[in-house]
Amino acid sequence: MNVTSVKSILVPEDVWLNQARLDINKTLEELIPSIDTWPTDLHHAQHYALMAAGKRFRPLLCLAIAEGLGADRSTALRIGGIAEIVHTASLILDDLPSMDDADLRRGRETVHLAFSESTAVLTATNLLNRSFGIAARTQGLTAEQRVTIIDRLSQHVGSNGLIAGQIADLANSDMNVAAESVENLNALKTGALFDFTIEAAAVIGQASSLQTHYLSDFSKQIGLAFQLFDDLKDEVLAEAQSQKTVNRDIGKATLLALEGSEAAQKRLSGYMTHARSAIVAAKLSTEGVLTHIIDKQFSIPKS
């Protein structure tokens, strides 16, 4: 058998994953105004940021969980799209000179460099604003489901979630802080949007109380794992591999800085074991797909 034929063989999970990414990208294109819509600079910047090559981890999780609960695919794609739109807005803001002052994101110039700092701020603001409109107008949901999703989005993005985490991270320079405090920061800065994504999937899939419990546990563990894995990648990968500006956490109290690489990897393994157990316990029909998505996300790119 030649190399070409080996590469052409896809496992069912890869088939699902490839189609899901296509569907997610198509949905994202439909959820925002076209580049030609006035004001064109703003909408061009939106497309530049949102449609850049990304793994679409959050919408993939939303889609896989929602489908595993029997939810409508088009509804799950729109709600997953909200998570990606908010994530993109947070990256634009995180890269600003007043924040991490990064110059590379997803393999190309950050938005404030490709356009302007003012355009970047307005683009992020508009994306956040758009996310609430999408939730309000998504078909296939009851009024109660829409209100719940909008409420959870507001909570997880606001001063009890992602924004609070960003504020705390900007002041995060005390190297004598306890690891538990860093975990709490990570749960806000990174975990909050996973919480929204997975809670929203549970809402549209009408998960049972027991399933919701295990999905919440999964969300907490995967959020902590994601941030720690990102810190570990920052240590071992060059910018060309990571496709973003690296070494921006020097001087910050991260779990990697506090505990060292070996202990951090052990902690990461614990998060991942716990997350996988929660997925099994949730008894979703898409358990295999979810495991595959996680395996793909938490792998170090080869140089």
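Look up: the structure comes first, before these words.
Calculation criteria
- Residues numbered from 1 in each chain as written.
- Predicted model: local features only at pLDDT ≥ 70, side-chain atom pairs only at ≥ 80, totals over all residues.
- Heavy atoms only, no water.
- Helix = DSSP H or I, 4+ residues; strand = E, 2+ residues; numbered from the N terminus.
- Buried < 20%, exposed > 50% of the residue type's maximum accessible area, 1.4 Å probe, protein only.
- Contact = heavy atoms within 4.5 Å.
- Areas by Shrake-Rupley, 256 points an atom, 1.4 Å probe, with all protein chains shown as cover.
- Axes fitted to C-alpha atoms, helices over the stretch in contact; angles between N-to-C directions.
- Parallel < 35°, antiparallel > 145°, perpendicular 65-115°, else oblique.
- Nonpolar A, V, L, I, M, F, W, Y, C, P; charged D, E, K, R; others polar.
- Salt bridge = Lys/Arg side-chain N within 4 Å of Asp/Glu carboxyl O.

(A) Broad picture of the overall build of the chain. Summing up its helical and strand segments, the chain has 16 helices and two strands in all. Taking all 303 residues of the chain together, 49% fall into the buried category. Of the contacts formed within the chain by residues at least 6 apart in sequence, a portion of 74% connects residues at least 24 apart. Surface accessibility of the chain: about 14200 Å² in total, with carbon and sulfur atoms responsible for 54%.

(B) Focus on unusual backbone geometry. For the peptide bond that leads from Trp-38 to Pro-39, omega is 0°, which places it in the cis range. Locating Pro-39 in the fold gives a position in the loop between helix H2 (12-31) and helix H3 (40-50). The backbone of Asp-101 sits at a positive phi, close to 50°, despite the residue not being glycine. Locating Asp-101 in the fold gives a position in the loop between helix H5 (73-94) and strand S1 (104-105). Positioned with a positive phi, Lys-283 is a non-glycine residue whose angle comes to about 55°. Checked against the element boundaries, Lys-283 lands in the loop between helix H15 (261-282) and helix H16 (287-297).

(C) The packing of helix H4 (residues 57-68) against H16, seen in detail. Where H4 meets H16, the closest approach of the two axes is 10 Å, and the angle between their N-to-C directions is 170°. The pairing of H4 with H16 is recorded here as roughly antiparallel in orientation. Within the contact between the two elements, H4 uses Phe-57, Leu-60, Leu-61, Ala-64 and Ile-65 and H16 uses Val-289, Leu-290, Ile-293 and Gln-297. Each residue belonging to the contact of H4 with H16 can be placed in one class, and the counts come to eight nonpolar, one polar and no charged.

(D) The arrangement of the pattern of salt bridges in detail. A full pass over the atoms with the stated rule returns 14 salt bridges. Notably, a salt bridge pairs Arg-73 with Asp-23, separated by 2.9 Å at the nearest N-O pair. Remark: Asp-23 occurs in helix H2 and Arg-73 occurs in helix H5; sequence separation between them is 50 residues. Judged by its relative accessible area of 24%, Arg-73 is partly exposed. We note a salt bridge from Glu-30 to Lys-26, for which the minimum N-O separation is 2.8 Å.

(E) Region of the structure containing the environment of Arg-137. Mapped onto the elements, Arg-137 comes out in helix H7 (residues 117-137). Put simply, Arg-137 and Arg-78 are 59 residues apart on the chain and 9.8 Å apart in space, counted from C-alpha to C-alpha.

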